[in-house]
Amino acid sequence: MTETSPHSLEDLAPIAEKVLDALKAKNMMVATAESCTGGLICGALTEIAGSSAAVDRGFVTYSNEAKTEMLGVPDELIAKVGAVSKEVAIAMAEGAVTRSNADVAVSVTGIAGPGGGSEAKPVGTVHLAVARKGRPTEHLHCWFADQGRRSIRLATVQTALISILNAVS
């Protein structure tokens with residue numbers, strides 16, 4: 001992880017390149033399932049030339065309906081625990097692996113603000129999961145400082161890229 005928070009997607013290019021190199025070295029493909037980042041993780045990866053050798057697809061599932069329709073996240077699960085939860089993040093990542101040609105998938109769901117937070121789930125709360133075929137799905141619960149929507153989203157992208165790298169290394 002970089003010592004400072006990223007200020008733009010360009011700041012994330014070095015880690016995105018490492019992710020792509022690691023995936024290519026293992027002949028693996030990645031998919032993303034994104035809510036609060038709205039496609040920025042996939043965008044950071046596909047900004048790099050040659051990314052088509054390692055990026056299968058990105059699911060932008062901002063609405064609960066999209067999570068259910070595109071990734072197979074049960075409506076009942078979202079109603080029970082909320083879209084911003086460990087369980088939904090795991091279901092999103094596993095759905096992305098199942099519904100793609102990817103070997104590994106990362107999912108993110110969170111509250112980027114400025115509104116939408118609560119005492120239980122304040123702005124900056126993000127759940128991230130990484131699913132890899134043949135391995136248990138990993139979950140990470142993050143609390144990013146509320147330094148604005150852009151900051152939270154970029155910190156989420158950075159964490160997601162590092163999580164993919166760790167999953168394939």
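What you see is a predicted model; the values in this text were computed from it and never measured.

Q: Any details on the sheet that holds strand E3 (residues 104-110)? Residues and values, ideally.
A: What the five strands build is an open sheet, ordered E2-E1-E3-E4-E5; its pairing is mixed. Two strands in the sheet have a free side with no partner beyond their single neighbour: strand E2 (55-60) and strand E5 (138-143). Taking the axes of each pair of neighbouring strands and ignoring which way they run, one obtains an average angle of 15° across the sheet. As paired strands, strand E1 (residues 30-34) and E3 are joined by five bridges and run parallel to one another. Paired with Glu34 across the two strands is Val108, which belongs to E3. Lying on the sheet, helix H3 (residues 64-71) is in contact with E1, E2 and E3; it crosses E2 at an angle near 145°.

Q: Any chance you could break down the packing of helix H1 (residues 13-25) against helix H6 (residues 149-168) for me, citing the residues and the numbers?
A: Taken N-terminus to C-terminus, the directions of H1 and H6 make an angle of 25°; their axes are 9 Å apart at the nearest point. Here H6 runs roughly parallel to H1, going by the angle between their axes. As for the relative orientation of H1 and H6, their crossing is left-handed in sense. Contacts between H1 and H6 involve Ile15, Ala16, Lys18, Val19, Ala22 and Leu23 from the first element and Leu161, Ile162, Ile164, Leu165 and Val168 from the second. Split into classes, the residues belonging to the contact of H1 with H6 amount to ten nonpolar, no polar and one charged.

What counts as what
- Residues numbered from 1 in each chain as written.
- Predicted model: local features only at pLDDT ≥ 70, side-chain atom pairs only at ≥ 80, totals over all residues.
- Heavy atoms only, no water.
- Pairing = 2+ DSSP bridges.
- Helix = DSSP H or I, 4+ residues; strand = E, 2+ residues; numbered from the N terminus.
- Axes fitted to C-alpha atoms, helices over the stretch in contact; angles between N-to-C directions.
- Contact = heavy atoms within 4.5 Å.
- Parallel < 35°, antiparallel > 145°, perpendicular 65-115°, else oblique.
- Left-handed = near helix turned anticlockwise from the far one by under 90°.
- Nonpolar A, V, L, I, M, F, W, Y, C, P; charged D, E, K, R; others polar.

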